[in-house]
Amino acid sequence: MIKTMLCLPLIMAITSCQSQTKKTETKMDSTKNETKVYSKTDSSKVVLPENEWKKILTPEQFYVARQKGTERPWTSPLEKNKEIGTYYCAACGNALFKSDTKFESGCGWPSFYEPITKSSIIYTPDNSHNMDRTEVQCGRCKSHLGHVFNDGPPPTGLRYCINGVVLDFERAQEAQKKFTEDKH
Ligand SMILES: [Zn+2]
């Protein structure tokens with residue numbers, strides 16, 4: 001116990017230079033962490049009644065994630081995001097895409113050519129609006145994310161066209177640091 005107490009100021013001094021970025025991220029996530037389902041570490045499936053989702057999500061998120069809506073193109077700030085990091089499901093915190101698989105598709109929605117793991121995503125045939133499409137849903141909470149098309153770039157040839165409102169972006173601190181160091 002005493003040992004821990006003695007070490008504490010030292011640890012605080014070491015980590016103090018990183019505290020600024022950490023604070024910002026904690027603030028960004030604080031509302032979601034209060035909910036029961038949002039977790040970046042718990043991979044157990046989430047099944048919630050729609051009225052519960054309505055309480056947790058914003059009206060825009062509920063419309064897209066739970067009612068299979070589509071946000072207006074070019075409206076998501078993440079569409080142009082080029083920062084290094086990870087994209088999570090905004091409803092449950094499931095890791096979905098890495099920034100190095102993001103590309104500019106010109107379609108108006110954040111686009112990726114590959115999910116983080118095969119189980120990150122659930123694929124469902126979607127014949128609505130007289131179109132033959134494949135819907136993509138979050139593998140953990142089954143929220144609607146968008147669609148996947150066959151006109152993406154190598155190596156997969158796929159284009160995951162995802163509504164930005166159901167994505168949470170977290171900057172990779174280590175990767176970002178390296179990126180900055182490389183530039184000097
Ligand atoms: Zn989810």
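Predicted model, so just to flag it, every value in this text is computed and none were measured.

## Comments concerning the overall build of the protein chain
Here's step 1: Tallying secondary structure elements over the protein chain gives 5 helices and 9 strands in all.
Here's step 2: Along the protein chain, from the amino end to the carboxyl end, the secondary structure elements read α-α-α-α-β-β-β-β-β-β-β-β-β-α.
Here's step 3: Here the protein chain holds 184 residues, and 29% of them are scored as buried.
Here's step 4: For the protein chain, restricting intrachain contacts to residue pairs at least 6 apart in sequence, the fraction spanning at least 24 positions comes to 57%.

## Description of the sheet that holds strand β7 (residues 144-149)
Here's step 1: Pairing is antiparallel in the open sheet, where 6 strands are placed in the order β3-β4-β8-β7-β6-β5. Each edge of the open sheet carries a strand with a single partner, namely β3 (102-103) and β5 (121-126).
Here's step 2: Pairing between β5 and strand β6 (residues 133-138): 6 bridges, direction antiparallel. Within β6, the residue paired with Ile122 across the bridge is Gln137.

## A word on the sheet that holds strand β1 (residues 85-89)
Here's step 1: On the basis of which strands lie adjacent, the open sheet formed by 3 strands has the order β2-β1-β9 and antiparallel pairing. Looking at the sheet topology across the chains shown, the edges are occupied by β2 (95-98) and β9 (167-171). This sheet shows a mean twist of 30° between the axes of neighbouring strands, independent of strand direction.
Here's step 2: In this structure, β1 lies alongside β9, joined through 5 bridges in antiparallel fashion. Its bridge partner lying in β9, Gly85 is registered against Arg171.

## With respect to the pairing of β7
Here's step 1: Here β7 lies mainly inside the structure; 5 of its 6 residues are buried.
Here's step 2: Here β6 hands over to β7 after 5 residues, with Lys142 in that stretch at a positive phi of 60°.
Here's step 3: In terms of strand pairing, β7 meets strand β8 (residues 159-162) through 4 bridges, oriented antiparallel. Within the sheet, the bridge partner assigned to Gly146 lies in β8 and is Ile162.

## Quick notes on the pairing of β6
Here's step 1: Between β5 and the antiparallel strand that follows it, β6, lie 6 residues; His129 among them carries a positive phi value of about 55°.
Here's step 2: As judged from the 4 bridges shared by β6 and β7, these two strands associate in the antiparallel manner. Bridge pairing in β7 places Gln137 opposite His144.

## Digging into the nonpolar core
Most often, soluble globular proteins keep nonpolar side chains buried together rather than apart.
Here's step 1: Cys89, Ala91, Cys92, Leu96, Cys138, Ile162 and Val166 are the most contacted members of the largest nonpolar core, which has 32 residues in total.
Here's step 2: For this core, the elements supplying multiple residues, two or more each, are α3 (50-56), α4 (59-65), β1, β2, β6, β7 and β8.
Here's step 3: Look past the residues within four positions of Cys89 in its chain and what remains in contact with it is Asn94, Leu96, Cys138, Arg140, Cys141, Ser143 and Val166.

## A short note on unusual backbone geometry
Here's step 1: Pro154 connects to Pro155 through a cis peptide bond whose omega is 5°.
Here's step 2: Topologically, Pro155 is positioned in the loop between β7 and β8.
Here's step 3: The phi dihedral of His129 is positive, around 55°, even though this residue is not glycine.
Here's step 4: With respect to the helices, strands and loops of the structure, His129 is situated in the loop between β5 and β6.

## A short note on the environment of Thr124
Here's step 1: Note on placement: Thr124 falls in strand β5.
Here's step 2: Judged by C-beta crowding, with 12 C-beta atoms within 10 Å, Thr124 ranks as exposed.
Here's step 3: Discounting chain neighbours no more than four positions away, the residues touching Thr124 are Glu135 and Gln137.

The rules behind each value
- Residues numbered from 1 in each chain as written.
- Predicted model: local features only at pLDDT ≥ 70, side-chain atom pairs only at ≥ 80, totals over all residues.
- Helix = DSSP H or I, 4+ residues; strand = E, 2+ residues; numbered from the N terminus.
- Buried ≥ 20, exposed ≤ 12 C-beta atoms within 10 Å, placed from the backbone.
- Contact = placed C-beta atoms within 7 Å.
- Pairing = 2+ DSSP bridges.
- Axes fitted to C-alpha atoms, helices over the stretch in contact; angles between N-to-C directions.
- Core = buried A, V, L, I, M, F, W, Y, C linked by C-beta atoms within 7 Å.

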